[in-house]
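The primary structure of each chain is shown beneath.
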Amino acid sequence: MSKKRNQDDLKATGTAKLTDTLVKAIEPPESGYKIKWDTELQGFGLRTTQAGAKSFIVQAKIDGRTRRTTIGKFGTKTTAQARKMAKGELGKMASGTDPVTVRKHKQAISITLAEIAEDYKTSRRTSKGLPLKASTKSDIDKHLKGTFSDWQNKPVATIDREMVSRRYSERCKSSIAQANQAFRVLRALLNYAAAKHRTPDGQRIITDNPVEVLRDASMLRSVKARSSMVPQAQIGQWWSAVQTMRTDPALTTASRSAADLIALLALTGLRIGEARALKREQIDLDGAALTLMDTKNRTDVTLPLSDAALSILKARPNGSAWIFPARSGNGHLIDCRGQLQKIAEQTGIEVTAHDLRRTFRAVAAASNVELWRTKALMNHKQNQDVTLANYTDLSDVRNLKPEADRIAQFYEDQRRVFESDNVVRLERRA
């Protein structure tokens, strides 16, 4: 306790036999607080604040240090009840139990999963000192509300290996990939809690991350990496269907936006999250380039636009800050699954938006574009090549526009082959 606080207490304190009648009669001080000590039980008192709040307290010395703690508010407890509690607390303090330490210990071990998650999202930084991406925070929220909805208010110190094992097995029944992601999130949150939160005596509130049981017991299930894409032999058929859809006069504004988004994904290899959220300020129509900010690799990058991709962007309506505005409201388009499904019904080729990123890479290979150049166009990490990763500036690769045009031309060449073959077949039937 500070010297100033001791002096203030001496000015504000008094002694009396505390009773309900006396407590009710005590007037608030003009400032700060005042204490009335009980004459019957040493160390038992009543603190009254300027606002009129009245709380019962106990005070004693432990190892030469004065310790004071609140045991309850007047109104929720009578003076007699508080006196009884005070005797118990003073007895503990006489035996060396520090109530302040006990309280801090309880606070430390009672922090919940939801509280850790909020702190993690606010305070956690990447190895480069950057805040978490919005998508990472979204994944945390998704799994807290889903996989761990009934654990949110549990103290993290009570989550054990058996709980983890059982919940992981349950979630794998519906989706192994989602179960794996959920428990990666949980492991990160608990590691954060273990590193940041300790009891007053310096002990970690989590000494063994319970999620490690999934590795220790070899419970983790693997998910076969997706490798689907538009088959190279059917590129022409698929691209023809995309172009036919884009020029269909019967399309709604939203459906045309989705069709244009599909075409742009195929021509650029962009991630769906990057493409759907493009703003006009990111597009340089004169310089045939687009700039992505704070990408998955936590970098900004300027990419070239092929003539075909540029024509799509030039033709987009100018009524919104977004290149692909949402059906309603001020946001952007969320996905293009509906239009991809319609193309699949016409062609029998089922692909997702991310499959188009793999398709772009395959088309680049078929167009004889070097792998490192393809990765640069896709803003993909170049970790395998030390020279490229550390000595080549890949934040601006507009010089790769010839490669982008070559990839776009491959799509068009395959479409012409497919459409001309269809014409020949129709003539033969006629």
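Residues numbered from 1 in each chain as written. Predicted model: local features only at pLDDT ≥ 70, side-chain atom pairs only at ≥ 80, totals over all residues. Heavy atoms only, no water.

Colleague: I'd like a description of the overall build of the protein chain, backed by residues and values.
Modeller: A count of helices and strands for the protein chain gives 18 helices and eight strands. Pairs at least 24 residues apart make up 58% of the contacts formed inside the protein chain by residues separated by at least 6 positions. Total accessible area on the protein chain is roughly 23,600 Å²; 48% of this is exposed by carbon and sulfur atoms. Charged side chains in the protein chain number 73 positive and 47 negative. The centres of these two groups are separated by 6 Å. (Helix = DSSP H or I, 4+ residues; strand = E, 2+ residues; numbered from the N terminus. Contact = heavy atoms within 4.5 Å. Areas by Shrake-Rupley, 256 points an atom, 1.4 Å probe, with all protein chains shown as cover. Lys, Arg positive; Asp, Glu negative; His and termini not counted. Charge placed at Lys NZ, Arg CZ, Asp CG, Glu CD.)

Colleague: Before we move on, could you go through the environment of alanine 315 and cite the residues and values that matter?
Modeller: Along the polypeptide, alanine 315 turns up in helix H13 (residues 307–315). When its relative accessible area of 60% is taken as the criterion, alanine 315 is described as exposed. In this structure, the C-alpha to C-alpha distance between alanine 315 and aspartate 260, residues 55 residues apart in sequence, is 9.6 Å. (Buried < 20%, exposed > 50% of the residue type's maximum accessible area, 1.4 Å probe, protein only.)

Colleague: I'd love a proper account of the side chain of arginine 67, names of residues and values included.
Modeller: One can find arginine 67 in strand E5 (residues 65–73). Excluding residues within four positions of it along the chain, arginine 67 makes contact with Val58, Gln59, Ala60, Ile62, Met93, Asp98 and Val100.

Colleague: So what about helix H5 (residues 113–123)? Which residues, and what values?
Modeller: When H5 is considered as a whole, its buried residues turn out to be Leu113, Ile116, Ala117, Asp119, Tyr120 and Lys121. Lining the buried residues of H5 we find helix H6 (134–145) and helix H8 (176–196).

Colleague: Explain the packing of H5 against H8 to me, and be specific about the residues and the numbers.
Modeller: Taken N-terminus to C-terminus, the directions of H5 and H8 make an angle of 85°; their axes are 10 Å apart at the nearest point. Classed by the angle they form, the pair H5 and H8 counts as roughly perpendicular. From H5, Leu113, Ile116, Ala117, Asp119, Tyr120 and Ser123 reach across to H8, where they touch Leu186, Ala188, Leu189, Tyr192, Ala193 and Lys196. By residue class, the composition of the contact of H5 with H8 is nine nonpolar, one polar and two charged. (Axes fitted to C-alpha atoms, helices over the stretch in contact; angles between N-to-C directions. Parallel < 35°, antiparallel > 145°, perpendicular 65-115°, else oblique. Nonpolar A, V, L, I, M, F, W, Y, C, P; charged D, E, K, R; others polar.)

Colleague: Can you tell me about helix H3 (residues 79–94), naming the residues and giving the values?
Modeller: Taking 1.5 Å as the rise per residue, H3 with 16 residues should run 22 Å; its terminal C-alpha atoms sit 22 Å apart, in good agreement. Glycine 96, located one to two residues past H3, shows a positive phi value of around 105°. (Expected span 1.5 Å × (residues − 1).)

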